[in-house]
Amino acid sequence: MSDIIICRQHGKSLAEARASAEHMASELNEEFDLSYHWDGDVMRFKRPGVAGDLSVDDQQVALNIRLGFLLFALKPTIEREIHRFFDENFPS
């Protein structure tokens, strides 16, 4: 197993940050068939070989992803994509 952990300040209200997270999750669902659900202000997601959560508050967004063994080799590519999604949905 390999973990990816990313935290970013967002400068949005909690409602705006949550809406951005929802938009990001919707795109990921379409592109990677990633299923997700909200548990309060924490979005939990999974698909075969990937599981994690995205927590949102009024100051920052924090992402924790656990990659299965088969996706370990793709970790750098996955991290780049995550940063791209964060840049689009949570610009600094």
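None of the values given here were measured: they were computed from a predicted structure.

A. Looking closely at the overall build of the chain. Broken down by element type, the chain carries two helices and five strands. The N-to-C order of helical and strand elements in the chain reads β-α-β-β-β-β-α. Its C-alpha radius of gyration of 12 Å places the chain within 12% of the 12 Å reference for a compact globule of 92 residues. Dimensions of the chain, computed from the C-alpha atoms along their principal axes, are close to 35 × 25 × 20 Å. Of all 92 residues assigned to the chain, the portion counted as buried reaches 34%. Within the chain, counting contacts between residues at least 6 apart in sequence, those at least 24 apart form 51% of the total. Per element, the accessible surface of the chain, about 5500 Å² overall, is 55% carbon and sulfur. The positive charge centre, built from 10 side chains, and the negative charge centre, built from 16, are 5 Å apart in the chain.

B. Local environment of the environment of Leu70. Here Leu70 is to be found in the loop between β5 (60-67) and α2 (75-89). In the structure, Leu70 is positioned 67 residues away from Asp3 in sequence and 13 Å away in space, judged by C-alpha atoms.

Conventions adopted
- Starting from 1, residues in each chain are numbered consecutively following that chain's sequence as written.
- Per-residue local features are limited, in this predicted model, to residues with pLDDT of at least 70; the limit for side-chain atom pairs, both in listing and counting, is 80 or more; totals at the level of whole chains, interfaces and linings are taken over all residues.
- Derived side-chain values reflect all non-hydrogen atoms in the structure, with water molecules and hydrogen atoms excluded from consideration.
- Numbered from the N terminus, helices here are DSSP runs of H or I no shorter than four residues, and strands are runs of E no shorter than two.
- All radius of gyration figures rest on C-alpha atoms, and the globule criterion is 2.2 Å times the number of residues raised to 0.38.
- Relative accessibility under 20% of the residue-type maximum defines a buried residue, over 50% an exposed one, and the middle range a partly exposed one, all with a 1.4 Å probe and only protein chains included.
- Whether two residues are in contact is decided by their heavy atoms: any pair within 4.5 Å suffices.
- Values of accessible area rely on a 1.4 Å probe in the Shrake-Rupley scheme; residue burial ignores everything except the protein chains shown.
- A positive count includes Lys and Arg, and a negative count includes Asp and Glu. His and the chain ends are not counted in either.
- The atoms used to mark charge sites are NZ of Lys, CZ of Arg, CG of Asp and CD of Glu.

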